[in-house]
Each structure stands twice: as structure tokens, then as C-alpha cells.
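# Coordinate inspection notes
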Amino acid sequence: MKFLKKFLKWFVIVIAALVALLYIFDYGYILKGVRVVYFTGHNTAFIDDYPYFENDTIKKGTSTDPWPLHEAYNTVEETEKLSKVNKDWGTIAYVIIKNDSIWFENYYDNFDKNSKTNSFSMAKSITTSLLGKAIMDGYIKSLDQPISDFYPEYAYTKTTVGDLASMASGLKWVEDYTGPFSITARANYDSNLAQTMLNQKMVKTPGKEFEYLSGNTQLLGMIIQKATGKPLATYLSESFWQPMGATDDALWQLDDKEHRLAKAFCCISSNARDFARFGKLYKDHGKWNGKQLLDSAFVAKSITPRFKESPQYGYGWWMKDIGNKHFFMMRGHLGQYVIVEPDDNVIIVRLGHRKSPDQGVGQFTDDISIYIEEAYKMLNK
């Protein structure tokens, strides 16, 4: 018993010392990460984590525009392969929209059509949409406007807002989702995110090559907020959420109660049906019910590769060819997808807990092709 008491005493002292060291060396955010992730029984970020963070509300309007149901709604069952991968990879929503009507949808693991889950990096596509809107509204001059116009701290670089949107900024950043000491982890769990971002330097010549970095979109979100004078959630609500008739309020995670800066690189919590609206908006060249919400030239540029050497990325959107079909998409951590084939007028949404093994940052995982191929098997039955 004496030994146990002594052990517990020293154990408490060691833990207290470690905690103190984390704060002394400015790694206190790790404790929040541990509390949010490991103390809730997870080993990485998870899709329904929004209650553990401060959030701003993306408000729906007084008039909503629900998706109509296709005349063939849910008349075809999932393929055997789709059913298996949905189970294996923890799918919680799988939706096929054909000709702007819901052709098929299924929900799993006690989630439903109204359940809010984390977009993760699908938010990058939405933040880039806000850039297009800010240019359209005259808050930002063009894709070529230097970021130093908004943050003089970057006067030493020629990086533009377009470089941020196309992942070609030259920012010093390590895109690491598992390392607790990584800048990506700090951005997700730290308070005062603006301070963290403005401490990051541009170390490469901008506008030369694609390098997928979450910090680019975070800095872009800060610029949009500064240019418009509006919180990102408010500007998103006014610009798209309400005009597109979203049926539910959504949430955008913030850094903390004091600073209330949206995590622009991730973390919009909504549902499959409302996420799908951005697929339709881009499929229809920025129009919604006849109204031009986003400049069609900006939409076209967004879903066209900026660099010949990196055909998978444009401005905030991913692109992938399968056979003779050309898809553009929103992508998020753990397999959050809104996938669009405009020629076929098809939108596929998949949300879930896991995805197939990573092939490296900026590369496509195998599950994307499976979700597409199995959807087309169902559509062609």
C-alpha cells in the first residue's frame, strides 16, 4: 500500500510536469486534442465532433428549397459491393442525385437525412466559393490581388488570393493529420488561429506548382472575412445557404469563444442533402433557380486544373477522370465527398467514418472510384 501511494504521488507529479511543459512551450492545444479525441474513445478526428468546439451558425432562410424525389426514388437496391464497402468503411450517408432529383439515398449507423456531420476539407471548396462571391461583390479585386493588401505581414511575397485558392502559395506548412506537434493539429485545436497563421512564412516562389496545404485555405478565409467585414458563417449564409434554400442551419467550427475565427480549412457541420447543393451550383455554372449566385467564369476556372502537371486540382475543387467520364468533387478527411458528373447530371454524396488507405497527400483513394462505379451500376440497372 505504501508503495502504491508513493507511485501515485510521483505519477501525479510527472503528469503535472508534462502538462506544465506543454503550456510553457506553447503546445497546450495538444491537451485539447487529447480531451476531444482520445477521451471520447476515438483515435483521430471524427465526423460528429462539433459539440466539443465553439461554433458559429450558418443560418437557413425563411424559404427553403427541398430536393424533389425522383420518380424512381429508391427503387434500386445497393449493389453487393457498395453494401459491403459502406459497412466496412463506416458510411453514414450515401445519396445519388439524378437530374436534380434524389434518385437514391440511404443512411446508416443511426444517422439520418438531418444529421450534422463534419465536412472536414470539403469546406475548402465552400471557402473558395466565398472567394468567388467576394470578387463578384467587389470586396476583392480579382484572383490576382496580393495577399499583402490584406495582411502587410506578407509584403515580402507576391502570393495572391488565387495562389491560396489553387494551393500554390509557397507557404511553409506540413500537412500531417496524425502528428500531435504538426501545424495542422495546432490549427485544428489551438485558440487564436489568426496568430498561428500569421506566424507561418512563405518560403517558395508562389504560383508555380500545386502543393496541398490546409494553411492556404485558412489564410484565404481570414482574407475573405477581413475584406467583407463579416464572419464567414454570416457571409456563407447570405451568399449561398439562404439563396440555395438549404433546409437546415449548419455550423462552422471556431477557434475559441474569444477570437471566434472560423476554421476555413475544414469543419462545416451539415447533412448530405445540403452539402449536395454546392455540387448542383457548380454543375449549373453558378446559377440556382435561374439566379446567378456565382460568376460562371469563376466556376469554370475552379473546376479546371491550374497546372498541367497537377490535373487533379483547380481552385478549391478536385478533378478525376474515370473512363470517358470527367468528375469534379469536394473532398474531406475520412471520406466526405460530393462528386459531380455534369454531362450525366449526376451528383453522388458519401459521408462516413473511414475511407480506404491513403495514397499520400493530394492523391485519390480507391474508395472514390468504387463509390462512383457502383452508383453507375445502380443507375444503369
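First, a word on what this report is: a plain description of the structure on this page. This one's a predicted model, so the numbers in the text were calculated from it and none came from an experiment. (Residues numbered from 1 in each chain as written. Predicted model: local features only at pLDDT ≥ 70, side-chain atom pairs only at ≥ 80, totals over all residues. Heavy atoms only, no water.)

## Quick look at unusual backbone geometry
Glycine aside, residues mostly have negative phi angles, and peptide bonds mostly take the trans form. Even without being glycine, D100 reaches a positive phi, approximately 65°. By the element assignment, D100 lies in the loop between β2 (91-98) and β3 (101-107). At H285, a position not held by glycine, the phi torsion is positive, near 60°. Structurally, H285 can be placed in the loop between α10 (272-283) and β7 (287-288). (Helix = DSSP H or I, 4+ residues; strand = E, 2+ residues; numbered from the N terminus.)

## Brief notes about the packing of aromatic side chains
One pass over the full model with this rule turns up 20 aromatic pairs. Centre to centre, the rings of Y94 and F104 are 6.4 Å apart; their planes meet at 65°, and the pair counts as edge-to-face. Here the residue Y94 occupies a position in strand β2, and F104 occupies one in strand β3, the gap between them amounting to 10 residues. The class for Y94 is buried, based on a relative accessible area of 0%. On the basis of an interplanar angle of 80° and a centroid distance of 6.4 Å, the ring pair of Y212 and Y313 is categorised as edge-to-face. With Y212 in the loop between α7 (193-198) and α8 (214-228) and Y313 in the loop between α11 (296-302) and β9 (318-322), this pair connects stretches of sequence that are 101 residues apart. Of the two residues, Y212 and Y313, both sit in the buried class. Every member of this aromatic cluster is reached through a ring pair, and the members are W89, Y94, F104, Y337 and Y371. For K263, the ring lying beneath its charged end belongs to F53, and the centroid distance is 3.9 Å. (Phe/Tyr/Trp six-rings, centres within 6.5 Å; stacked < 30°, edge-to-face > 60°. Buried < 20%, exposed > 50% of the residue type's maximum accessible area, 1.4 Å probe, protein only. Lys NZ or Arg CZ within 6 Å of the ring centre and 35° of its normal.)

## A look at the nonpolar core
A general feature of soluble globular proteins is that nonpolar side chains tend to end up buried together. With 90 residues, the main nonpolar core has L219, L236 and F278 as its most contacted residues. With residues up to four places along the chain from it excluded, the contact list for L219 reads I147, Y151, Y154, L164, M197, L198 and M202. (Core = buried A, V, L, I, M, F, W, Y, C linked by side-chain atoms within 4.5 Å. Contact = heavy atoms within 4.5 Å.)

## Structural notes on the side chain of S119
One can find S119 in the loop between β4 (117-118) and α4 (122-136). For S119, a relative accessible area of 0% translates into the label buried.

## Some words on the packing of α4 against helix α9 (residues 232-241)
One can describe the packing of α4 onto α9 by two numbers: an axis separation of 10 Å at closest approach and a directional angle of 70°. The angle between α4 and α9 places the two elements in the roughly perpendicular class. The segment α4 lies against α9, with I126, S129, L130, K133 and A134 engaging L232, Y235, L236, S239 and F240. (Axes fitted to C-alpha atoms, helices over the stretch in contact; angles between N-to-C directions. Parallel < 35°, antiparallel > 145°, perpendicular 65-115°, else oblique.)

## As for the sheet that holds strand β6 (residues 268-270)
Spatially, the four strands line up as an open sheet ordered β1-β5-β6-β4, and their pairing is antiparallel. Two strands close off the open sheet at either side, each with one partner strand: β1 (55-58) and β4. Relative to β6, β4 runs antiparallel, the two being bridged by two bridges. Each bridged residue has a counterpart across the sheet, and for T117 the counterpart in β6 is S270. (Pairing = 2+ DSSP bridges.)

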